[in-house]
Amino acid sequence: MTSDTHVTASGNEMSASFLAAQERSEKTMAKLVENPSKFTMLTGDRPTGRLHLGHYFGSIKERVAMQNRGVNTNIIIADYQVITDRDTTEHIADNVLNLVLDYLAAGIDPEKTMIFTHSAIAAENQLMLPFLSLVTEAELHRNPTVKAEMEASGHTLTGLLLTYPVHQACDILFCKANVVPIGKDNLPHIEITRTIARRFNERYAKKNPVFPEPAAILSDTPEIPGLDGRKMSKSYGNSIMLGATAEETTKLIKKSPTDSERRITFDPVNRPQVSALITTASLVTGRKPEDIATEIGDSGAGALKAYVIESVNTFLAPHRERRAELAKDMDSIRDILRDGNKRATAIAEETLNQVREAMGMMY
């Protein structure tokens, strides 16, 4: 088989897999809306820096909605996963606490949502050992997310990066999560989690399955561009941070690039930088991007930037106010994290005992 044929076959396979996942997502979401208390959700972030508007519209907004629907929501701060492709944990404690601040300011309620850190839950991480026995090296190498992250980082492939999807399976399955909100790029991770759950149940727990096969809830939020038209990313410096001051946000938007054409139009393909600014304003105001472009018209990039600055700062003002108030009592933020870690540990230990019992390892 030639490499071209192999690529085509893989593409068709991925396309079929995506369509199946999309159908599963729609059916699961319909059931969730009807009976949210039957669902457990796991989602999370790597603490590599501060959260930005892309995170808010891409995931945090939906987490708050799930929580408020009555879904059993859980957020993992995946601190161990930082070192899959980085050589330092220099700012990790600060990043973790700032994540919690942004979660709470955005509407996450620690009474309803368990917030915990990966490194604190020993029993969850112990699930890696039996789970690794359920996947092959070839399956791990095929994961497109691992390939992409390896190429982007420029690092030699470490064992931790190779097994990153299995780590995520531990995160999802230790709390018996049956729904995971993701973008389609992360679908291969959910598929390997489903494979691990299925293989464990078939091999060790046919009569009394231990794990659900979680469904991905596929986000319909389009990729949110950064202020320069590229993907919004901390590393590009094109992101509006949720915790930034109004002055910092104003300065960032003012220096964002546009083009030489005075009339403002919404054309993401041919005018990505101007369109990125319009998209940002559209997200925070709820208006159609085309309407914003028409309104600005011949007033030019300066008027567009002024509109974006006002819109973003108005939108973020309540978040900033809540965040500043919460930051006055960092001991309470640490207590929330400790409480989440304690709750997660109890759940993980119970799940690990079920795994050991299914495997005949309770001595």
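Criteria and cut-off values
- Residues numbered from 1 in each chain as written.
- Predicted model: local features only at pLDDT ≥ 70, side-chain atom pairs only at ≥ 80, totals over all residues.
- Heavy atoms only, no water.
- Helix = DSSP H or I, 4+ residues; strand = E, 2+ residues; numbered from the N terminus.
- Rg over C-alpha atoms; globule rule 2.2 N^0.38 Å.
- Buried < 20%, exposed > 50% of the residue type's maximum accessible area, 1.4 Å probe, protein only.
- Axes fitted to C-alpha atoms, helices over the stretch in contact; angles between N-to-C directions.
- Parallel < 35°, antiparallel > 145°, perpendicular 65-115°, else oblique.
- Left-handed = near helix turned anticlockwise from the far one by under 90°.
- Contact = heavy atoms within 4.5 Å.
- Nonpolar A, V, L, I, M, F, W, Y, C, P; charged D, E, K, R; others polar.
- Expected span 1.5 Å × (residues − 1).
- Salt bridge = Lys/Arg side-chain N within 4 Å of Asp/Glu carboxyl O.
- Pairing = 2+ DSSP bridges.
- Right-handed = clockwise from strand over helix to strand, strands pointing away.
- Phe/Tyr/Trp six-rings, centres within 6.5 Å; stacked < 30°, edge-to-face > 60°.
- Core = buried A, V, L, I, M, F, W, Y, C linked by side-chain atoms within 4.5 Å.

Q: Give me the overall build of the chain: which residues, what numbers.
A: Of the regular secondary structure elements, the chain holds 15 helices and 5 strands. For 363 residues, the compact-globule estimate of 2.2 N^0.38 gives 21 Å, and the C-alpha radius of gyration of the chain, at 22 Å, lies within 12% of that figure. Referenced to the eigenvectors of the C-alpha coordinate spread, the extents of the chain come out at roughly 75 × 60 × 45 Å. The proportion of buried residues among the 363 residues of the chain is 47%.

Q: If you had to explain the packing of helix H13 (residues 289-296) against helix H14 (residues 300-326) to someone new, which residues and values would you point to?
A: Between H13 and H14, the shortest axis-to-axis distance is 10 Å and the interhelical angle comes to 130°. Taken as axis vectors, H13 and H14 run oblique relative to one another. The two elements H13 and H14 cross, and the hand of that crossing is right-handed. Contacts between H13 and H14 involve Ile292, Glu295 and Ile296 on the former and, on the latter, Gly300, Ala303, Leu304 and Tyr307. Residues belonging to the contact of H13 with H14 are distributed by class as follows: 5 nonpolar, 1 polar and 1 charged.

Q: Explain helix H15 (residues 330-358) residue by residue, including any values.
A: The end-to-end C-alpha separation of H15 is 42 Å, in line with the 42 Å expected for 29 residues at 1.5 Å each. Those residues of H15 not exposed but buried are Ile333, Ile336, Leu337, Gly340, Asn341, Ala344, Ala348, Thr351, Leu352 and Val355. Among the residues trailing H15, glycine 360 stands out with phi positive, at a value near 70°.

Q: Quick one: what's the story with the pattern of salt bridges, residue by residue and with numbers?
A: Considering all chains together, one arrives at 18 salt bridges under this definition. We note a salt bridge from aspartate 259 to arginine 271, for which the minimum N-O separation is 2.8 Å. Placement of aspartate 259 in the loop between helix H11 (246-254) and helix H12 (272-285) and of arginine 271 in the loop between H11 and H12 is noted, with a sequence separation of 12 residues between them. Taking relative accessible area as the criterion, aspartate 259 reaches 32% and is therefore assigned partly exposed. By relative accessible area, which is 5% here, arginine 271 ends up buried. When the shortest N-O distance is used, the salt bridge between lysine 328 and glutamate 325 registers 3.1 Å.

Q: How would you summarise the pairing of strand E1 (residues 40-45) if you had to cite specific residues and measurements?
A: Of all 6 residues in E1, 5 are buried, a share of seventy percent or more. Pairing of E1 with strand E2 (residues 72-77) involves 6 bridges; the strand directions are parallel. Along E2, the bridge assignment pairs aspartate 45 with isoleucine 77. Considered for its hand, the β-α-β crossover made up of E1, helix H2 (residues 53-69) and E2 is right-handed.

Q: Give a description of the packing of aromatic side chains that names residues and reports values.
A: In total, this model carries 7 aromatic pairs according to the counting rule given. On the basis of an interplanar angle of 90° and a centroid distance of 5.0 Å, the ring pair of tyrosine 56 and phenylalanine 57 is categorised as edge-to-face. A single burial state applies to tyrosine 56 and to phenylalanine 57, both of which are buried. Ring geometry for phenylalanine 116 against phenylalanine 174: centres 5.4 Å apart, planes inclined by 70°, an arrangement best described as edge-to-face. Here the residue phenylalanine 116 occupies a position in strand E3 (residues 113-117), and phenylalanine 174 occupies one in the loop between helix H9 (164-173) and strand E4 (179-182), the gap between them amounting to 58 residues. Taken together, the ring pairs in this structure connect Phe131, Phe200, Tyr204 and Phe211 into an aromatic cluster.

Q: I'd like a description of the nonpolar core, backed by residues and values.
A: Side chains of a nonpolar character, in soluble globular proteins, are inclined to be buried together. Leu53 and Ile115 are the most contacted members of the largest nonpolar core, which has 45 residues in total. Contributing elements (two or more residues each) for this core: H2, E2, helix H3 (92-106), H11, H12, H13, H14 and H15. Among the elements that take part in this core, H3 stands out by supplying 9 residues, more than any other. Judged by nonpolar contacts, the second largest core, of 40 residues, contains Ala123, Phe131, Val180 and Ile190.

Q: For unusual backbone geometry, give the residues involved together with the corresponding values.
A: Positive phi, normally seen in glycine, also occurs at lysine 176, with a value near 60°. Look at lysine 176 and you get partly exposed, because its relative accessible area is 26%.

Q: A description of the pairing of E4 should follow, citing residues and the corresponding values.
A: Every second residue of E4 is oriented toward a common face, with Val179 and Pro181 on one face and Val180 and Ile182 on the other, all of them buried. Across 4 bridges, the pairing between E4 and strand E5 (residues 215-218) is parallel. Counterpart to isoleucine 182 in the pairing with E5 is leucine 218. You can see the chain leave E4, run along helix H10 (residues 187-204) and come back into E5, and the turn it takes is right-handed.

Q: Could you give an account of the environment of asparagine 35, with specific residues and numbers?
A: Tracing the sequence through the fold places asparagine 35 in the loop between helix H1 (3-34) and E1. A sequence separation of 12 residues divides asparagine 35 from glutamate 23, and the C-alpha atoms of the two residues are 19 Å apart.

Q: Go over the packing of H3 against H14, please, and point to the residues and values.
A: Between H3 and H14, whose axes approach to 9 Å, the crossing angle comes to 130°. On the basis of the axis angle, H3 is oblique to H14. For the element pair H3 and H14, the recorded crossing hand is right-handed. Where H3 abuts H14, its residues Asn98, Leu101, Asp102, Leu104, Ala105 and Ala106 lie against His319, Arg322, Arg323 and Leu326. Here the residues of the contact of H3 with H14 are counted per class, giving 5 nonpolar, 2 polar and 3 charged.

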